[in-house]
Amino acid sequence: MSTKTFPLTLRVTVSEATPDEIREKAVARALSFFGRGTELDVISAEAEPDAEAEGRYRATVVFRKVA
């Protein structure tokens, strides 16, 4: 494998009120990084109450570009 090209994962952390809002914002950030129209895999996704914002949840989602 060349060191010039290798697979990358992207870890995105967002804070939103609902699961749908979390998904939408996280995917938007991943597409901004990888490029619009890119097919993505979700490697992992975890959510927890956001201690800094009542009624919101903080989620960390790890994306990978589909090969």
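Everything that follows concerns the structure shown earlier in this document.
About the cut-offs
- Residues numbered from 1 in each chain as written.
- Predicted model: local features only at pLDDT ≥ 70, side-chain atom pairs only at ≥ 80, totals over all residues.
- Heavy atoms only, no water.
- Helix = DSSP H or I, 4+ residues; strand = E, 2+ residues; numbered from the N terminus.
- Expected span 1.5 Å × (residues − 1).
- Buried < 20%, exposed > 50% of the residue type's maximum accessible area, 1.4 Å probe, protein only.
- Arc of directions from axis to C-beta.
- Contact = heavy atoms within 4.5 Å.
- Core = buried A, V, L, I, M, F, W, Y, C linked by side-chain atoms within 4.5 Å.
- Salt bridge = Lys/Arg side-chain N within 4 Å of Asp/Glu carboxyl O.

Caption draft 1: Up close: helix H1 (residues 19–34). With 16 residues, H1 extends 22 Å from end C-alpha to end C-alpha; this agrees with the ideal 22 Å at 1.5 Å per step. Along H1, the residues that are buried comprise Ile22, Ala26, Ala30, Leu31 and Phe34. Down the axis of H1, the buried side of the element spans an arc of 150°, and every buried residue falls inside it. Of the residues in H1, the exposed ones pointing more than 90 degrees away from the buried face are Asp20, Glu24 and Ser32. Against the buried residues of H1 lie strand S1 (9–16), strand S2 (40–49) and strand S3 (57–65). Just beyond H1, the residue with positive phi is Gly35, at close to 115°.

Caption draft 2: Representation of the nonpolar core in the model. Leu10, Val12, Val14, Ile22, Ala26, Ala30, Phe34, Ala59, Val61 and Phe63 together form the largest nonpolar core, which totals ten residues. Going through the elements one at a time, S1, H1 and S3 are the ones with two or more residues in this core. Here this core gets four residues from one element, more than from any other, and that element is H1. Beyond its immediate sequence surroundings of up to four residues, Leu10 is in contact with Arg29, Ala30, Phe33, Phe34, Val61, Val62 and Phe63.

Caption draft 3: The pattern of salt bridges, seen in detail. Inspection of the entire model under this criterion finds five salt bridges. Between Glu16 and Arg56 there is a salt bridge whose closest N-O contact spans 3.5 Å. Placement of Glu16 in strand S1 and of Arg56 in the loop between S2 and S3 is noted, with a sequence separation of 40 residues between them. By relative accessible area, Glu16 is classed as buried at 13%. With a closest N to O distance of 3.7 Å, Arg64 and Asp41 form a salt bridge. Here Arg64 is found in strand S3, whereas its partner Asp41 is found in strand S2, with 23 residues between them in sequence. What emerges from the salt-bridge pattern is a single network uniting Glu16, Lys25 and Arg56.

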